[in-house]
Each structure stands twice: as structure tokens, then as C-alpha cells.
Amino acid sequence: MAEKRPEQQQRSFWGEEVEQSLRAAFDALPHEVPVMLFTEKGRNDVLNTAAQDLLRSFSKISSKIVLREFDLNGEEARKRNVTSAPTLVFDPDRYSIRYLGVPYGEEGRTLVGMLLLVGFRTGNMNEQSIKVLERMASRREIKVFVSPTCPYCPEQAINAVKAAIERPEKVSVEIIDIQSNQEMANRYQAFSVPQTFANEVLIAYGAQAEELFALSLEKLEQQTVFIPETDAELVETDVVVVGGGPAGLAAGIYTVRSGLRTAVIERGALGGQVATTPVVENYPGFNRVPGKTLVDILVSHALEYVQIFQGEEVVDIKTGPRIEVRTGRRKFTAKALILATGANYKRLGVPGEMNFMGRGVSYCATCDGPLFKNRKVIVVGGGNSAVTEALHLHNIGVQTVLVHRRNALRAQEHLAKNIFSNNIEVLWDTEVLEIKGKEKVSEVVLRNKRTGEVYPFPVQGVFVAIGYEPSVDLARSLGVELTPDGFIGHDSHHRTNVAGVYSAGDVEGGYKQIVTAMGQGTEAALSVFEDLTHPYWTSEPEKQAGVARV
Ligand code: NAP
């Protein structure tokens, strides 16, 4: 049998069937796809030849793939700032999309995807992703590290290419094969693939759903949950839950499971205080779990059932048989309302606290802790929060001193022990009188309550962790009765004194644990279901007992 010529060998690599499908797909492209290939003789010959063979065979399949080849040391490479070979540049007059290396193996899928998307001149992204990308006001330079043996890499690489086609004026992309570009992979410490950087910030490990990728790109940090947005001006529901912490999300899951259409409205971050808790201990099922991880799990679960409206502040509520809730963006109607508005950080109330907020005074060690690495801070408080935050700060290299107004911690013994075993300094019987500084915090004035001594204590940060105050402004505006301690008053079914209005979670007071908040949210949801299907107000004994009325 006659030996095959190299070209025929290349063709047999594709297989007739694959080649035919590629030809059909490329011939159908509405636009030509200009591809520039930069190679270099005498260096990386194997890779350069492989890239030439591969791209030439693609360009032979269809006249729509227009290949031009250049030398890395030539004028064109200088003009286009191409510095390594092989490099592929796709339709450079329109887009900023490059592939550094040889798109072999699994990466063949990336190459085909790139050619098709560029040939159609459409990112083919879904509406939600496009909305997110449209919000990006500044440029994004993406680097996706991939390898030919990684089956997940093409998905992430294509996400990046889609974004570059969707927003060509804002997004540039380099897909980087780590095997051909080991020096760069080392520099970025990309030791697993796919890994995605944007503007030199790591925004994703692994492949992401398209919307999550878009969100990570917009926010320039890894996102794990995507909440779909809607333009609807009127949302008709059976239940509106105000508050997207553990209580509100649990309530949402249970009302929807009971067959009630539900919207959860959250003005800030989902997960409430849990989202900013460094580590949650003993949430049943988890010995220790980062607060953010727990929130992501919870939100992902809730999203399977309930519509969540994040970043919307409730500005007005009308109660009655038909409840109306207004946010800055839309109106919701409902038959029942669950207030799961949680609690806010308690302030110390000392001079300088408000003045230096964000300039040394913080209520969130997870958020702001890294800014204080190798600096000295005090954590004020003696409960679980103060101890957890002090341990977190200590662990990330912040010089931490715990300041407590009594001589014993309120925190659970197991947590408290860690303060001592880590040699974290504790100033007992000490209160903060004032926070001082110029532009930023530079010292606090402390008073030893036992000796009466007042003295300055130089620090760069003050972390306040002295508990929470319930958020009851909405409740108050509806005429909901509060307890003497300022929490929402409610019966054993979480009904308030206002018909159709229920409460759940920290805003009710009590133990303030994640599990208890979830339990309260669940109970409130089931009460709503019971009340809407078998109205308690028609039951004589309940009426006489004086519970909430309609
Ligand atoms: P907390 O338990 O109420 O403790 C507040 C601490 O701040 C107390 O030590 C209190 O001192 C002190 N404090 C209050 N007002 C102060 C003031 N004006 N000046 C100085 N110190 C003041 O609050 P928390 O630690 O934020 O915890 C809240 C709830 O969340 C608790 O139920 C807690 O168990 C829970 N939590 C659980 C975890 C977990 O991992 N499972 C983590 C964090 C929080 P006194 O002791 O003198 O009253």
C-alpha cells in the first residue's frame, strides 16, 4: 500500500465525518474568520509546527477560515505586541481574542467554538449575562489558563471569548495553554486549570456557568451564586418575605414548598450576619464552615424554589387583605408578609466611632481583616462574635488584642479556650472611652474599670463585636407591637398583632443562632400556609384567646 502524504495523514486525524461537519458549520458562517498565526523558527519547533499543521488543516476545510502566518520576530508581531509563539490572533480588527499555545486535545473544542463565535460575530450569551456585562464601565483583560487534557477548560475559555465578542470595546481575552507557556503559568501560580484572571485578579477556579462568569468578571472576584434579575414592575405573590438572612430564606423555601408564590426581598447582602462571619461553628452537619460558604449553599438551595430580589430596599408597605409592598424598583402584592429583617451591628456609642467608620473602625473582620495584616487592632466584646473575629484576625496575621468590659468571656468555652491557647492578649475589665486619629484610627482611649486608670492605647484598627440590635423600623411603621426589649412581639405561630404580618429570626429576639432563625422562618412559613388555607380568624377559641386579628 502506498504511504500517505502528510496532508492525507492530517486529514485522517480529523476523520471524514468530523471534517464534513466542520465544513458544513464553517461554510454556513455569515462572515469570514481572519486568523493570524505567529510562529518562530528554531525555538519551540514542535509546538510551532503543531500549530501550523492544525491551523492549516482548519483553513483547508473551509474558505471562511482565512489564515495568515507571521514570524514572531517580524514587524506584524511587534505591531500587535505578540511576544510568544505559537500565538493565534482572531479577527483583530474587530476583537481582542488570542490563543497562546496549541489548541490541541480538549482545546480543539475551544478552537472550533472560537471560530464559530467569531464567524457569527455574536457572543451568543443569554440575556442575564448580557445585562451583567453591560454594567461593566471599565476595561477587563482576561487570562484563562487551560491545558489540552482538561475537559472543563473549553467551557470557561468559551465564556471568556463570548464576553470579548459581546463587549469588544471593554473586554480582551488571552486563552493560555499552560503546557506551552509554563513560565507565565508559574508567574500566575496557575497550577490547576482552568483558572481565570481579570485585570490580574483571580476571578475563578474551574469552569463556571456563563452568568456566574459574567458576574465574576464584572465584580472582579469569584462569584458562586447568580441571582436572576427581572424588569417586572409588578410581582404578584402569595407571600412576601422581607429579609434574605437564614430566617427569610428558610421561610421562602417552606412557603414555596407549601404551594405559595413567594418573593424574598433583601436590601443588602444575602445571608445576613452569617455572610460576614469568618467561621460558623457547629451549624449541625458542619463542625466548622466559613460563613460565606454556608450562605452560598443556602442561597443556591433557596433559588431552586423562590424568587429573590436582592439590592432592593422596601420603601412602603400597605397591609390589609391585599398587602402591597413597594421597593425602589417595583410593587409586590401578597396575602401575607413575613418580616425577617434581622439585626444590625450594635455600636459602641463612643466619640470617634462614627467618624472613623471605614477608616479603622469596622464591624466585619472577614471583610476588612486583610487590610490590617501585620498591624495592631483591638476587638471589642466578649461574646462568640468577638472571640470568633479575634481568632480570625489573629490567624490572618493581624496583631490582635481583645478588649472586654468584664473579667469573664460570655463566649462558649470551647471558643474562649482558643483565645488563650493562641496567646491572644485580653484586656479585662476594660472599656473603650474614645477612638482617636487624624485621617485614620491611631489610638483608642481605654479605661480599666477596676483601677479607674485611663490611658491611650496605640492601634490602627478597632473591630466592634458587641452584639446586634433588631431592625424594626419597618415593623414599627406598620404598627407592629414591639417587646420591651425592642424586638417584634409575636405569638407562638409567629403572628404579630397586625393581620397577615408574621415575624421570624433575630428580629424576634431569643437565641440568635442560625438554626433557630431557620426554625423560626420555617415555622412562620408553615403558619402562613395554615392561616391562608384554614384561617385561624374563623376559629372561635383562637379568637377568644386574643391572637392576631384580621
Ligand atoms: P453577645 O453574645 O450578645 O455578646 C455581646 C458581647 O459584647 C458581650 O460580651 C457583651 O458584654 C459585650 N458588649 C455589649 N455591649 C457592649 C458595650 N456597649 N461595650 C462593650 N461591650 C459590650 O453577641 P455576639 O457575640 O455578637 O453573639 C450574638 C449571637 O450570635 C449569640 O447568640 C452567639 O452565640 C451567636 N454566634 C454564634 C456563632 C457560632 O459560631 N455558632 C458565632 C458568632 C455569634 P457582657 O458579656 O458584659 O454582656
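Please refer to the structure higher up on the page.
So, how was this worked out
Residues numbered from 1 in each chain as written. Predicted model: local features only at pLDDT ≥ 70, side-chain atom pairs only at ≥ 80, totals over all residues. Heavy atoms only, no water. Helix = DSSP H or I, 4+ residues; strand = E, 2+ residues; numbered from the N terminus. Buried < 20%, exposed > 50% of the residue type's maximum accessible area, 1.4 Å probe, protein only. Contact = heavy atoms within 4.5 Å. Near = heavy atom within 4 Å. Polar contact = N/O pair within 3.5 Å; in protein donor to acceptor, adjacent residues only side chain to side chain. Areas by Shrake-Rupley, 256 points an atom, 1.4 Å probe, with all protein chains shown as cover. Nonpolar A, V, L, I, M, F, W, Y, C, P; charged D, E, K, R; others polar. Domains from an automatic or database assignment. Pairing = 2+ DSSP bridges. Axes fitted to C-alpha atoms, helices over the stretch in contact; angles between N-to-C directions. Expected span 1.5 Å × (residues − 1). Patch = residues over 30% accessible without salt bridge, like charges linked within 9 Å, V, L, I, M, F, W, Y side chains within 5 Å. Salt bridge = Lys/Arg side-chain N within 4 Å of Asp/Glu carboxyl O. Lys, Arg positive; Asp, Glu negative; His and termini not counted. Charge placed at Lys NZ, Arg CZ, Asp CG, Glu CD.

**Q** What am I meant to see in the side chain of Asp296 here?
**A** Its location among the elements puts Asp296 in helix 11 (residues 291-303). Overall, the relative accessible area of 14% leaves Asp296 in the buried class. Residues within four places of Asp296 in sequence aside, it is in contact with Thr224 and Val225.

**Q** Even after reading the chapter, I still don't get the site of the ligand, so can you show me in this structure?
**A** Neighbouring the ligand are 19 residues, the closest being Asn384, Ser385, Arg406, Arg410 and Gln513. Glu281 is positioned such that a nitrogen or oxygen atom in its backbone is 3.0 Å from an oxygen atom of the ligand. With respect to the ligand, the side chain of Arg410 contributes an N or O atom lying 2.5 Å from an oxygen atom. For the ligand, whose accessible area on its own is 920 Å², the fraction buried by protein is 81%. Those elements that provide at least two residues to the shell around the ligand are strand 12 (279-283) and helix 13 (384-395). Here the residues of the shell around the ligand sort into five nonpolar, eight polar and six charged. Three or more residues apiece are contributed to the shell around the ligand by two domains, here domain 2 (233-344 + 469-545) and domain 3 (361-466).

**Q** What is the right way to read the sheet that holds strand 25 (residues 441-448) from this model?
**A** Each strand in a sheet pairs with its neighbour through backbone hydrogen bonds, running either in the same direction (parallel) or in the opposite one (antiparallel). Taken in spatial order, the three strands line up as 24-25-26 in an open sheet, and their pairing is antiparallel. Both edges of this open sheet fall to strand 24 (430-437) and strand 26 (454-458), since each of them pairs with a single strand only. The sheet shows a mean angle of 30° between the axes of neighbouring strands, taken without regard to direction. In the sheet, strand 25 pairs with strand 26 via five bridges, with the strands oriented antiparallel. When the sheet's bridge partners are listed, Val445 is paired in strand 26 with Pro456.

**Q** What's the story with helix 16 (residues 514-533) in this structure? I'm lost.
**A** The α-helix winds at 3.6 residues per turn, so residues separated by three or four positions along the chain end up facing the same way. With 20 residues, helix 16 ought to run about 28 Å at 1.5 Å a step, and its terminal C-alpha atoms sit 29 Å apart, in line with that. When helix 16 is considered as a whole, its buried residues turn out to be Ile514, Ala517, Met518, Gln520, Gly521, Thr522, Ala524, Ala525, Ser527, Val528 and Asp531. Those residues of helix 16 that are buried are in contact with strand 10 (239-242), helix 10 (246-257), strand 12, helix 11, strand 18 (336-339) and strand 29 (501-503).

**Q** Would you take a moment to explain unusual backbone geometry for this structure?
**A** Excluding glycine, a negative phi dihedral is what most residues carry, and trans is how most peptide bonds are arranged. The step from Ala85 to Pro86 runs through a cis peptide bond, and the omega angle for that step is -5°. Residue Pro194 is bonded to the preceding Val193 through a cis peptide linkage, with omega at -10°. As for its position among the elements, Pro194 is in the loop between helix 8 (182-187) and strand 7 (195-198). Positive phi outside glycine occurs at Asn81, with the angle close to 55°. With respect to the helices and strands, Asn81 occurs in the loop between helix 4 (75-79) and strand 3 (87-90). Phi at Arg121 takes a positive value of approximately 55°, unusual for a residue other than glycine. With respect to the element layout, Arg121 can be found in the loop between helix 5 (107-120) and helix 6 (127-134).

**Q** Help me understand a positive patch on the surface, please; the structure alone is not making it clear to me.
**A** Residues Lys346, Arg405, Arg406, Arg410, Lys449 and Lys512 make up a contiguous surface patch of positive charge. Mapped onto the fold, Arg410 is located in the loop between strand 22 (399-403) and helix 14 (413-421). Arg410 sits in the exposed class, given a relative accessible area of 64%.

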